[in-house]
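Close look at the chain arrangement
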Amino acid sequence: MSADERRESAIRAAVTEFARGGYSATSTEAIAKRVGVSQPYLFRLFPNKQAMFLAAAERCLLETRQVFEKAAQGLEGEEVLHSMARAYQQLIADDPDKLLMQMQVYAAVAAAEAAGDHEFGESVRAGWLELFDSVNLMLGADVDDATTFLAYGMLANTLTSLGFPAGHRIWSGFYASAQPVD
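Every value quoted in this text rests on a predicted model; they were computed, and no experiment measured them.

Moving on to the nonpolar core. One finds Met84, Met101, Val135 and Phe149 to be the most contacted residues of the largest nonpolar core, which totals 55 residues. Here this core gets eleven residues from one element, more than from any other, and that element is helix H4 (residues 49-72). Those residues in contact with Phe149 that sit more than four places away from it in its chain are Phe68, Leu81, Met84, Ala85, Val135, Leu139 and Tyr175.

Structure follows, in structure tokens:
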């Protein structure tokens, strides 16, 4: 494998490990083991654990944005919203680590901010802003629609993380396209 391929494997492994263990509890040894490389080799790919976490967080946001973009292709108006909602529910059903990683990212950035580290979240905020701007454009540059869509997405994240199953009454206020995938 080339260094780029190993780096790609390391990012995928970091998403899985950080999603399941969070920033503080995840060891770089676990990531290296999942990739099948030594810890020293992992540190040739990334300068430190924080860089690994941020690369995983950025990847998660990028892939979510790409799912929305693909879902919106060739559609207009309300079709875009419903297609993106379905695509997102499918994404978190098919790859629950994506949802867990998002939740871990929010917790890690909040903890860093509380500890006075305001730089930690800079790249995450930049990635989230790109996601927001992309959704905003796909929904016709209506900031209210983009805000509502992402607000419902965050509520869906919370309810899914809490384990509310599809069909539970808590989902009754969501439009059908945003209902969880069984």
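Attention now goes to helix H1 (residues 3-25). For H1, built from 23 residues, the straight-helix expectation of 33 Å at 1.5 Å per residue is missed by more than 12%, its first-to-last C-alpha distance being only 26 Å. At Ala19, H1 shows its largest kink, close to 80 degrees. Within H1, the full set of buried residues consists of Ser9, Ala10, Ile11, Ala13, Ala14, Val15, Thr16, Glu17, Phe18, Ala19 and Gly22. Looking at the packing, one finds that the buried side of H1 touches helix H2 (28-35), helix H3 (39-45), H4 and helix H6 (96-114).

A separate point is empty space enclosed by the protein. Taken as a whole, this structure holds two cavities of 30 Å³ or more when the rule is applied. Taken as a whole, the largest cavity encloses approximately 190 Å³ of empty space. Looking at the largest cavity, it is lined by 20 residues, and the ones nearest its centre are Phe68, Tyr88, Phe149, Gly153 and Met154. Ranked by the residues each element gives to the lining of the largest cavity, the list is headed by helix H8 (residues 143-161), at seven residues. Residues belonging to the lining of the largest cavity are distributed by class as follows: 15 nonpolar, five polar and no charged. If you add up the space inside the second largest cavity, you get close to 40 Å³. Forming the walls of the second largest cavity are Ala57, Cys60, Leu61, Gln102, Val105, Tyr106, Val124 and Trp128.

Conventions adopted
Residues numbered from 1 in each chain as written. Predicted model: local features only at pLDDT ≥ 70, side-chain atom pairs only at ≥ 80, totals over all residues. Heavy atoms only, no water. Core = buried A, V, L, I, M, F, W, Y, C linked by side-chain atoms within 4.5 Å. Buried < 20%, exposed > 50% of the residue type's maximum accessible area, 1.4 Å probe, protein only. Helix = DSSP H or I, 4+ residues; strand = E, 2+ residues; numbered from the N terminus. Contact = heavy atoms within 4.5 Å. Expected span 1.5 Å × (residues − 1). Bend = angle between axes of the 7 residues up to and from the residue. 1 Å grid on protein atoms, 1.4 Å probe; cavity = no way out; pocket = protein on both sides within 12 Å on 5 of 7 lines; lining within 4 Å. Points joined across faces, edges and corners; volume = space filled by probe spheres on them. Nonpolar A, V, L, I, M, F, W, Y, C, P; charged D, E, K, R; others polar.

Geometric values such as these leave the question of function open.
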